[in-house]
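Structural features, examined
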Amino acid sequence: APETRDTWSSPSGFILAAIGSAVGLGNIWRFPGVAFESGGGAFIVPYLCALLTAGIPILFLDYSIGHRYRAAAPLAFRRMSRPTEALGWFQIMLSFVIAVYYAAVIAWSMSYFVYSFNLSWGEDTLAFFTGEYLKVGDPGVSATIVPSVAIPVVLVWVAVLVVLALKVSDGVQKVTVVFIPLLFVAFAGLVIRAITLPGAMDGLNALFTPDWSALSNLNVWIAAYSQIFFSLSIAFGIMVTYASYQRRKTNMTTSGLVVAFANSSFEILAGIGVFATLGFMAHQQDVAVGDLEGLTGPILSFVTFPAVINQMPGGNIFGAVFFGALIMAGFTSIISILLGVAASVQEKFGLSRTASAITVSAVCAVISIALFSTTSGLIALDTVDQWANNVGIITSAIVMTIVVVWVVRKSGVLNRHLNAVSTFKIGRVWVVLIGVLAPIFLTVMLVDKLISLIGDGYEGYPQWYLALFGWGTIAFVVVAALILTAIPWKGRDNKDFVAWP
Ligand code: PHE
Ligand code: NA
């Protein structure tokens, strides 16, 4: 049968889509706070190490698997070696978990975009966010749905569904071609405004002043590696899927370098914008930037920023651009997460693109509403995020690198594949990085993280709660992956598949 697989319509279409996936909420609200708490200017050392020794090499690994075996993660791994299909599903289920809460955050950004026009969050932005908007209760499982969250969540899933029902060159590619340039321009405007505010320089000094002693802290290194993984969207099966839509003649490694560079540049840009703004806030309150609270995560975007916006001349425009940027950055990432899931379901069950897009979006929408649009949503989100990113994704990367290099021994094949199609050639050092250095480093980090999560818990939440939402998330991903693997393959698998080149 002839090859009927969708393709990106041009190499730059792929690059933009991959940048769209990488540049997301992680750049805007995760990076600045993590860098600040992890040694400021000194964080550049673990960050660059993580990028060069694990981030880019594993990005190339994802790309090579997707391009060589031309399928979403489960089928690509199955074609590489049949039992490794389970690893593909593990990655895809992890993506699925992330997507259901990521949608909630995009939904909040949509509400806040509207609120910015007349600063409806009022003076006490913390009370507004947790009380009036999210109606947060104690950690627990609540069935009380909050309509102001659930309605935009439904809109997000409808939009995702529409994009995924189209061919990649019409859906994902067109959305990113519009949103990514718009996002860069909007964000650049925001940064220029921010650095011209009084106190901005104090904010930048706070962010960039190096604390070299942080480098001896293992947690700082862990923070750098998880930031890089989340930020580049690697080891989630997503870049495998994206690369599978590349044409045969294509330049994989150079695209990877462009994507990694664009993503890191956007992180630095966001760090500058966010800390210049925080410097202004500290200046207004006459305190040191380091004494401010709420510098990371949802609190940064939905509590601290609204408070600053209140004090800024023309704050409502600044607010609308900021939340507009969060929506665009978030949307181009969530469609990448869902494309991985939808394409996997499509291939496994032999469904049409539309049927699989509808099924997957509907399931996601229901779970997004049930778990993250209720009065217990914020705490659930925080817990699931912690486990998915620090336990799930690191485990996925360790298992993937060890399996590819040492168990099915495909690193040589993939290395030659990358070099055959790319102008930027990679040497044996790549195999050493993914086969030796990355697994060792990542295992040390994972063990340390597990010890701290088991010993100290998380955020003082009750143990039963962590068992359910933290460890339960990992258990769900593993069990779902095993079940999906056990179901017999219903679509086309390897029968008429011929590997490139
Ligand atoms: N890379 C995106 C960000 O930085 C998030 C993301 C994670 C996207 C996982 C896809 C998969 O926000
Ligand atoms: Na990112």
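Residues numbered from 1 in each chain as written. Chains lettered and ligands numbered in written order. Predicted model: local features only at pLDDT ≥ 70, side-chain atom pairs only at ≥ 80, totals over all residues. Heavy atoms only, no water.

**A few points about the coordination of the sodium ion (ligand 2)**
Tetrahedral coordination by four donors sets the ideal angle at the metal to 109.5 degrees; octahedral coordination by six donors sets it to 90 or 180 degrees. Those donors, Ala22 (O), Asn27 (OD1), Ser231 (O), Ser231 (OG) and Asn263 (OD1), are the protein atoms that reach the sodium ion (ligand 2), and they lie 2.1 to 2.7 Å from it. Angles of 80 to 174° at the metal separate the 6 donor atoms of the sodium ion (ligand 2), which places the site in the octahedral class. Sequence spacing among the residues donating to the sodium ion (ligand 2) works out to A-x4-N-x203-S-x31-N. Placement of Asn27 in helix α2 (residues 25–37) and of Asn263 in helix α12 (residues 252–285) is noted, with a sequence separation of 236 residues between them. Classification of Asn27 by relative accessible area gives buried; the value is 0%. (Donors = N, O, S within 2.8 Å, 3.2 Å for Na, K, Ca; no water. Tetrahedral: all angles 85-135°; square planar, octahedral: opposite > 155°, others 65-115°. Helix = DSSP H or I, 4+ residues; strand = E, 2+ residues; numbered from the N terminus. Buried < 20%, exposed > 50% of the residue type's maximum accessible area, 1.4 Å probe, protein only.)

**Describing the packing of aromatic side chains**
Tallying each qualifying case throughout the model produces 38 aromatic pairs. Relative to Phe476, the ring of Phe96 lies with its centre 6.3 Å away and its plane at 35°, an arrangement referred to as tilted. With a gap of 380 residues between them, Phe96 in helix α5 (residues 85–116) and Phe476 in helix α19 (residues 463–486) connect regions that are remote in the sequence. Here Phe476 falls in the partly exposed class, since its relative accessible area comes to 38%. Note on Tyr115 and Phe128: the rings are 5.4 Å apart at their centroids and 85° apart in plane angle, and the pair reads as edge-to-face. (Phe/Tyr/Trp six-rings, centres within 6.5 Å; stacked < 30°, edge-to-face > 60°.)

**Considering the site of ligand 1**
What surrounds ligand 1 is a group of 15 residues, the closest being Ala22, Gly26, Tyr102, Phe230 and Ile238. Measuring from a nitrogen atom of ligand 1, one finds a backbone N or O atom of Ala22 at 3.0 Å. One of the backbone N or O atoms of Phe230 is found 2.8 Å from a nitrogen atom in ligand 1. Notes on ligand 1: free accessible area 320 Å², of which the protein chains cover 100%. Sorting the residues of the shell around ligand 1 by element identifies α1 (11–22), α2, α10 (218–232) and α14 (315–349) as the ones contributing at least two each. Residues that form the shell around ligand 1 fall into these classes: 7 nonpolar, 8 polar and no charged. (Near = heavy atom within 4 Å. Polar contact = N/O pair within 3.5 Å; in protein donor to acceptor, adjacent residues only side chain to side chain. Areas by Shrake-Rupley, 256 points an atom, 1.4 Å probe, with all protein chains shown as cover. Nonpolar A, V, L, I, M, F, W, Y, C, P; charged D, E, K, R; others polar.)

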